[in-house]
Amino acid sequence: MSVIVEGKNIVRDYHVPGGLLKKARTVHAVKGVSFSVEKGKTLAIVGESGCGKSTLARIITLIDSATAGDLIIEGQKVDIAKAPLTAEMRRKVQIIFQNPYGSLNPRQKIGDVLAEPLKINTDMPASERNDRAMAMLKKVGLGPEHFNRYPHMFSGGQRQRIAIARALMLNPSLLVLDEPVSALDLSVQAQVLNLLADLQDEFDLTYIFISHDLSVVRYIADEVMVMYYGEAVEYGTREAVFSNPQHDYTKTLFAATPRADVDSIRARIAAKKAAA
Amino acid sequence: MSRLFLRSPEAVAGTIILALLVAMALAAPWLFPRDPLAIAGPAMLPPFQDWTIPLGTDRLGRDVLSGLFHGARTSLAVGLAAAATSIVVGVLVGTIAGFAGGWVDEVLMRVTDAFQTVPGFLLALAFVSVAGPSLGVVVVAIALGAWTQPARITRAEVLSIRERDYVAGARVIGMHPAEIAFREVLPNALPPVLALSSVIVAAAVLTEAALSFLGLGDPNRVTWGGMIAEGRAVLRSAPFLSIVPGIALVLTVLGVYLVGEGAVEASAVKRGNA
Ligand SMILES: Nc1ncnc2c1ncn2[C@@H]1O[C@H](COP(=O)(O)OP(=O)(O)OP(=O)(O)O)[C@@H](O)[C@H]1O
Ligand SMILES: [Mg+2]
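Reading the values: the criteria
Residues numbered from 1 in each chain as written. Chains lettered and ligands numbered in written order. Predicted model: local features only at pLDDT ≥ 70, side-chain atom pairs only at ≥ 80, totals over all residues. Heavy atoms only, no water. UniProt positions renumbered as here; feature names shortened; annotations may be inferred. Helix = DSSP H or I, 4+ residues; strand = E, 2+ residues; numbered from the N terminus. Polar contact = N/O pair within 3.5 Å; in protein donor to acceptor, adjacent residues only side chain to side chain. Patch = residues over 30% accessible without salt bridge, like charges linked within 9 Å, V, L, I, M, F, W, Y side chains within 5 Å. Areas by Shrake-Rupley, 256 points an atom, 1.4 Å probe, with all protein chains shown as cover. Salt bridge = Lys/Arg side-chain N within 4 Å of Asp/Glu carboxyl O. Pairing = 2+ DSSP bridges. Axes fitted to C-alpha atoms, helices over the stretch in contact; angles between N-to-C directions.

By the naming in an unreviewed UniProt entry, chain B is ABC transporter permease, taken from Oryzicola mucosus. Its UniProt record gives chain B a comment under Subcellular location (unreviewed entry), which states: "Cell membrane". Under Sequence similarities (unreviewed entry), UniProt gives the following word-for-word description of chain B: "Belongs to the binding-protein-dependent transport system permease family."

The name given to chain A in an unreviewed UniProt entry is Dipeptide ABC transporter ATP-binding protein, with Oryzicola mucosus as the source organism. Under the UniProt heading Subcellular location (unreviewed entry), the note attached to chain A is "Cell inner membrane".

Here's what the structure looks like:
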């Protein structure tokens, strides 16, 4: 099995400039996190709000650079602060954001949203770009009638499907999903998670899946990393972490979460329907 | 949107006023093909005496109505051109400052500050006195004092929009930063700036009039400000010479302002409904 992405002691500090009354200070958002994910596998990153998950996601997807540490993607060390990214490297890693209402440009039609990555990174003719966009739209469960619509005409779940389609246009090997379903209804969550699982099989995708919902993590993860104040306090296979948590924070996290895997999500929906 | 717009009485009134003014400006060369600066009859003819010169003549015997029509051309042309120039420059500066950040932002905003601390009219005066009065110079002179506000507003918008996920997403698919700034960020930052445009146009029309009043307008064109200044010398014996162009000026500014208010209101209602 080949390793797709590897992080070694990744550190990220934010310098918050001071004002008249405040002193400048440094936020240590990520404090030396290491991980590695093999092809076709899913690493889930769990942790409470503000523990540095999104910061790590932006580093892995090469949006921001790390303050220190190494990021190795398909065996190549990448540092966007030192050398500009090649288009080749760019297309290997894509991201899905948490808020489906903020991740699509409100002034761009869906067809253009999907074709754009190809327009920028390839010299494919427009007709072929549109064909591929259309095919991808179908793959994520939307139809050709959606091609010329604007983002505000879609529901949150549909938007997230569009975001997924766009991320896959460049044939990436690694997809970073930053809480991709936490803004969605439970029933829609299950649909999107199933779609993600199907796509992972079909395209042999590697996922880094960020979440604070343990039921979702239990459903999708192969390996789990628990973050706490910028540190990885727990890291192991799903079975190991769930059955035998080592760190105190993980134990309280598990104790505080109602058991809710996809089966119990379904059960809850059924109960809701029965009650209504 | 247009139906919402026409529902407010202010917007309708403003639209009618502006439509009349535009019609005046466009019709001027056909209705008054003679040079409006040429002598048309006896000097200081009061209004409603001679029906070929309905609004009478000024001290030099020039047709007041013809001046009013040709003056509408100058006022609107200069007002719109100056406003467009200041909005384009302001939006460019604001986008670059907000998007680039760092020292670029610092430098551009200090320059903006510098321009903003000098009153716009003084800046225009100084510029015209140095560069000489001509239509183009007047446009630039007015824009010189008016671009800072759109620049500030655009920068503030851009600062918030550049943190949106779709901007990060554009970076992840490898879009060039300049393209991100002008295709992803700028269009979404525009609405509040455009809402301001009516105020900028109105201010530009007034500044143009003030410059002409002080004799710094293009001497080869009739302007309302120039007509008011011209009438001032005989204000007691022939007040209509100043009052008529004065009313035209007030109506123009009012019309622009009402249309702007109506548009802002309509878009607010639309957003509220969405
Ligand atoms: N641009 C920034 N400037 C300064 N501090 C920042 C910035 N971005 C994030 N931080 C800080 O870094 C820390 C980690 O933030 P991050 O967004 O990575 O958290 P998170 O785990 O994704 O939280 P959530 O679950 O709420 O999304 C927080 O304390 C946050 O305030
Ligand atoms: Mg986050």
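Now, onward.
**Q** Lay out the side chain of Glu 179 of chain A with the relevant residues and their values.
**A** With respect to the helices, strands and loops of the structure, Glu 179 of chain A is situated in the loop between strand 7 (174-178) and helix 6 (186-203). Here His 212 of chain A takes part through its side chain, which lies 3.1 Å from a polar atom of the side chain of Glu 179 of chain A.

**Q** Requested: an account of a nonpolar patch on the surface, with residues and values cited.
**A** Residue and element names in this part refer to chain B. On the surface, a cluster of nonpolar side chains totalling about 360 Å² of accessible area is made up of Leu 6, Val 12, Ile 16 and Leu 20. If one sorts the elements of the nonpolar patch by residue count, helix 2 (residues 9-31) sits on top with 3 residues. Position of Leu 6 relative to the elements: it lies in helix 1 (residues 2-7).

**Q** Provide a residue-level description of the sheet that holds strand 5 (residues 76-78) of chain A, including the pertinent values.
**A** All names here are of chain A. If you walk across this open sheet you meet the 4 strands as 2-1-4-5, and the pairing is antiparallel. The sheet is open, and its two edges are formed by strand 2 (25-38) and strand 5, each paired on a single side. Each strand of the sheet is rotated relative to its neighbour by a mean of 25 degrees, with strand direction disregarded. Pairing analysis gives 5 bridges linking strand 1 (residues 3-16) to strand 4 (residues 68-73), with the strands arranged antiparallel. Note on strand 4: the bridge partner recorded for Val 5 is Ile 73.

**Q** Summarise the sheet that holds strand 10 (residues 231-237) of chain A; cite the residues concerned and give the values.
**A** Residue and element names in this part refer to chain A. Judged by pairing direction, the sheet is mixed, and its 6 strands sit side by side in the order 6-7-8-3-9-10 without closing on themselves. The two strands at the open ends of the sheet, each matched to only one other strand, are strand 6 (93-96) and strand 10. Looking at each pair of strands side by side, their axes are set apart by 15 degrees on average, direction ignored. Inspection of the sheet shows strand 6 paired to strand 7 by 4 bridges, in the parallel sense.

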